[in-house]
Amino acid sequence: MRIVVDLNRCQGYAQCVYLAHETFKLTGPEALTYEPNPDDARRLQVQRAAAACPVRAIMIDRLDDAERGAPS
């Protein structure tokens, strides 16, 4: 799974932090940091966090085996 956050769109509402605190963090009052490739075990949390974003700044993309580095 790959996450991309449009930091220009993000307004620091932090709904993602509440729902997926292992993936998203606020550093300072409105500076969001995040793990761009979280473990698939966190998929549901990340999907809920993306859905809760009021400005739809979080995009999720599933990596296929080739992108993960798995042998063919």
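Details of the structure are given in the entry above.
Peer 1: How should I be thinking about the overall build of the protein chain in this particular structure?
Peer 2: Helix and strand counts for the protein chain stand at 3 helices and 4 strands. The order of helices and strands in the protein chain, counted from the N terminus, is β-α-β-β-α-β-α. Taken over 72 residues, the protein chain has a buried fraction of 29%. When contacts within the protein chain are restricted to residue pairs at least 6 apart in sequence, long-range pairs at least 24 apart make up 61% of them. Here the protein chain displays about 4800 Å² of accessible surface, and carbon together with sulfur accounts for 49% of that area.

Peer 1: What am I meant to see in the side chain of Arg-43 here?
Peer 2: In this structure, Arg-43 sits in helix 2 (residues 43–52). In this view, Arg-43 contacts Met-1, Ile-60 and Arg-62; residues no more than four positions away in its chain are not counted.

Peer 1: For this particular structure, what's the right way to read the pattern of salt bridges?
Peer 2: Any two side chains of opposite charge can pair if their charged atoms end up close together. Here the structure, examined in full by the defined rule, presents 3 salt bridges. Its salt-bridge partner being Asp-61, residue Arg-2 comes within 3.2 Å of it at the nearest N-O pair. Taken as a pair, Arg-2 in strand 1 (residues 2–5) and Asp-61 in strand 4 (residues 58–61) lie far apart in primary sequence, 59 residues in all. Asp-61 sits in the partly exposed class, given a relative accessible area of 37%. The salt bridge partner of Arg-43 is Asp-40, with a shortest N-O separation of 3.3 Å.

Peer 1: Is there a simple way to explain the pairing of strand 3 (residues 31–34) in this structure?
Peer 2: The two faces of a sheet get side chains in turn, since along a regular strand they alternate between them. Pairing geometry for strand 2 (residues 24–27) and strand 3, over 4 bridges, is antiparallel. If you follow Phe-24 over to strand 3, its bridge partner there is Tyr-34.

Peer 1: Looking at this model, I keep getting lost on helix 2. Mind explaining?
Peer 2: An α-helical turn contains 3.6 residues, so a residue and the one three or four places further along point in the same direction. Taken together, the buried positions of helix 2 are occupied by Arg-43, Val-46, Ala-49 and Ala-50. Buried residues of helix 2, viewed axially, fall in a sector of 130 degrees; they line one side. Of the exposed residues in helix 2, those oriented more than 90 degrees away from the buried face are Arg-48 and Ala-51. In this structure, the buried side of helix 2 is in contact with strand 1, helix 1 (15–19), strand 2 and strand 4.

Peer 1: Please explain the nonpolar core as it appears in this structure.
Peer 2: Soluble, globular proteins show a tendency: their nonpolar side chains are buried together. Of all hydrophobic cores here, the largest spans 16 residues; its most connected members are Ile-3, Val-5, Cys-16, Val-17, Phe-24, Leu-32 and Ile-58. If you list the elements that add at least two residues to this core, you get strand 1, helix 1 and helix 2. No other element matches helix 2, which puts 3 residues into this core. Ignoring anything within four residues of it in the chain, the contact list for Cys-16 reads His-21, Phe-24, Leu-32, Ala-49 and Ile-58.

Calculation criteria
Residues numbered from 1 in each chain as written. Predicted model: local features only at pLDDT ≥ 70, side-chain atom pairs only at ≥ 80, totals over all residues. Heavy atoms only, no water. Helix = DSSP H or I, 4+ residues; strand = E, 2+ residues; numbered from the N terminus. Buried < 20%, exposed > 50% of the residue type's maximum accessible area, 1.4 Å probe, protein only. Contact = heavy atoms within 4.5 Å. Areas by Shrake-Rupley, 256 points an atom, 1.4 Å probe, with all protein chains shown as cover. Salt bridge = Lys/Arg side-chain N within 4 Å of Asp/Glu carboxyl O. Pairing = 2+ DSSP bridges. Arc of directions from axis to C-beta. Core = buried A, V, L, I, M, F, W, Y, C linked by side-chain atoms within 4.5 Å.

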